[in-house]
Amino acid sequence: MPREIVTFQLGNYSNYIGTHWWNIQEAGFNYDPNAEPSEIDHDVLFREGQTANRQTTFTPRLLLLDLKGTLKFMPEDGDLYSDGNKDENDIVQAIGWDPVKVEVIRKDPVQKCKFQKDLTVDGQEIAEDEEEDYNLKDTVEDWIDFSYTRYHPRSMNIVREYSHSNEENQFDTITNGMEVWEKFEFQDEFTDKIRQYVEECDACQGFQTIFDCIDGFAGIGVKTLLHLQDEYGKTSLAFPTIPPHVVNYKNADNVMGASIRVVNTALAVSSLIECCSLFVPLSTMGRCWRDLDKPRKLPFTSYEESNLYHTSALIASFLETISLRYRLKNPTPSNYLSSLCGEMTVYGRSMAAGAMALPIPMSTTEDLIDFLDKAEEPLVTSLTPNCTIGTNYVTQSISIRGIPRNRLKRPPTVKSAQRQQRMAAYRCDTISEMVQLYYQCQFHASMAHVTACSTPMNVRLPFPVEIFDSRVGFDGFLSEIDLGIKQKINSAPVLASLQSSGTLADTLDSLHREVNRIKIAKIPRYYESGLERENYLENLEQLISFKERYEDNYDI
């Protein structure tokens, strides 16, 4: 049964994340007709189409948005359907002008990085040179440089009034984004593309939106979600993201920039409470309001904390894993986007926290039952800023992938299984059943839904495999002995969770305290672009009211 989802990526960092996410999914495609069918239904997020030459295409059902200049060498309508043979005269004649009377000023094309040059003509394979070191962590200048995926012409969209390089006319406030949305040309074109995607679907589940919540894209994100809610009324899952830029606040400009980021985040969060089904703030930084510091430490990984190419790969890995619940084939009623959002939003708690283990720290000789039995610390690391892992009265949705069935426990006929047979978990016959039992035992008065997928996450190029520790083997499991030499890694087991717990009250409270310290009158650009003081104060009050829903004594 069809159950399509339309995806939105709004903002530069969100496009970094999305690029990794689509790359990971395409790396998992198997074109061998004799191979076992995939457990994942790729039609949920991808669409089949046809070029003018009747070539079959498979592209993300996606609308992405960024500022002018981001696409560099890539045409706005992508390179899959565009006619690269047209010269300047063809374009002039198509407009209806006389080529003889028109002076054409040609701009030198932006050069591709080596990784892009090494993609084959059809863009689906990379030159097979295992010794090639593209050094993407140092050479990537923007997300387009490591994009492996081909896009539909309507996918790429640009905010033409702003560019990342323009320091005078910055796209830095949520109200800037709302102003862009209100322009008829932008809104009409963007919403028409949404309509085309939805009308192509046989049974659209809903929408998932990744957007930068610290700048103008917060405004476009909120307006997009309001449009989806008013026009379609379908389930909508949102991921506001905060990039890991580390800023030195010694001068006035940086102090002002920090204040603007806090105000944008607070206004975005207060708006998300009512305009989407569920939202999950994400960042690799532990603290993300005024100060961006304390990067999250994931066991057996080592990433550059301010590198967008590295950090976005971690968040993309979380999204790729947690979304398995509504992307697997042969779904049960609980494996839909609406079921996920409905379970996670009891008592009106429409914000959840995300967490992940990449890789799952199991050794190559270990069974899942033994790994869970000896686990003392939380299995996952929080990816939601200013938030810790809750342990009491928790509602969770957990996805685990990459653990083979034969790694669950030892067969009863094997002598080494005697110790395992004394554990209650030995009666579990599936990965999901055993993980669910673990969470029931570890988390007091909690409820957990577990999705298990035996397919590991593919980490082929251009995923940054250099982030993994030398103990991580080719299949993502840990070697018994650390030889100090990094191995070629093809895949990794991953555990991801969404969690709704009382700890989020502290997250909201810290955001409210921080924004309440800011004198908004000293940032005139908000009022100049249409923000009214009464609406601003109402948004801050809404944050406090929302926080109360996460307190133990809350009575709906």
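Residues numbered from 1 in each chain as written. Predicted model: local features only at pLDDT ≥ 70, side-chain atom pairs only at ≥ 80, totals over all residues. Heavy atoms only, no water.

## Describing the overall build of the protein
A tally of regular secondary structure across the protein gives 16 helices and 17 strands. Out of the 556 residues in the protein, the part that is buried amounts to 55%. (Helix = DSSP H or I, 4+ residues; strand = E, 2+ residues; numbered from the N terminus. Buried < 20%, exposed > 50% of the residue type's maximum accessible area, 1.4 Å probe, protein only.)

## What about the packing of aromatic side chains?
Applying the stated criterion across every chain, the model contains 21 aromatic pairs. Residues F8 and F190 carry aromatic rings whose centres are separated by 6.3 Å and whose planes lie at 50° to one another, so their mutual orientation is tilted. Linking F8 in strand 1 (residues 5–10) with F190 in helix 6 (residues 184–200), this pair joins segments that are 182 residues apart in sequence. For the pair F279 and F546, a centre-to-centre distance of 6.3 Å together with 25° between the ring planes defines the contact as stacked. Here the residue F279 occupies a position in strand 8 (residues 278–279), and F546 occupies one in helix 16 (residues 533–547), the gap between them amounting to 267 residues. Residues F279 and F546 agree in their burial class; the two are buried. Members of the aromatic cluster, each reached through a chain of ring pairs, are F8, W181, F186, F190, F207 and Y232. The ring of Y197 carries the charged tip of R154 above its face, separated from the ring centre by 4.5 Å. Against the face of Y426 rests K409, its NZ or CZ located 4.5 Å from the ring centre. (Phe/Tyr/Trp six-rings, centres within 6.5 Å; stacked < 30°, edge-to-face > 60°. Lys NZ or Arg CZ within 6 Å of the ring centre and 35° of its normal.)

## Some remarks on helix 7 (residues 217–231)
The end-to-end C-alpha distance of helix 7, which contains 15 residues, comes to 21 Å, matching closely the 21 Å that a straight helix rising 1.5 Å per residue would cover. Trailing helix 7 by a residue or two, G233 shows a phi angle of about 65°, which is positive. (Expected span 1.5 Å × (residues − 1).)

## A word on the sheet that holds strand 8
If you trace the six strands from one edge of the open sheet to the other, you get 5-4-1-6-7-8, paired in parallel fashion. Of all strands in the sheet, those with a lone pairing partner are strand 5 (156–163) and strand 8, marking the two edges. Bridge count for strand 1 against strand 4 (residues 62–68) is four bridges, and the pairing is parallel. Note on strand 4: the bridge partner recorded for F8 is L63. (Pairing = 2+ DSSP bridges.)

## Regarding the pairing of strand 6 (residues 206–212)
Of all seven residues in strand 6, seven are buried; the element is thus mostly enclosed. Residues of strand 6 alternate between two faces, with G206, Q208, I210 and D212 on one and F207, T209 and F211 on the opposite face, all of them buried. The pairing of strand 1 with strand 6 spans six bridges and is parallel. By the bridge assignment for strand 6, V6 is matched with F207. Sheet topology places strand 6 next to strand 7 (residues 235–241); seven bridges connect them, and they run parallel. Its bridge partner lying in strand 7, D212 is registered against T241.

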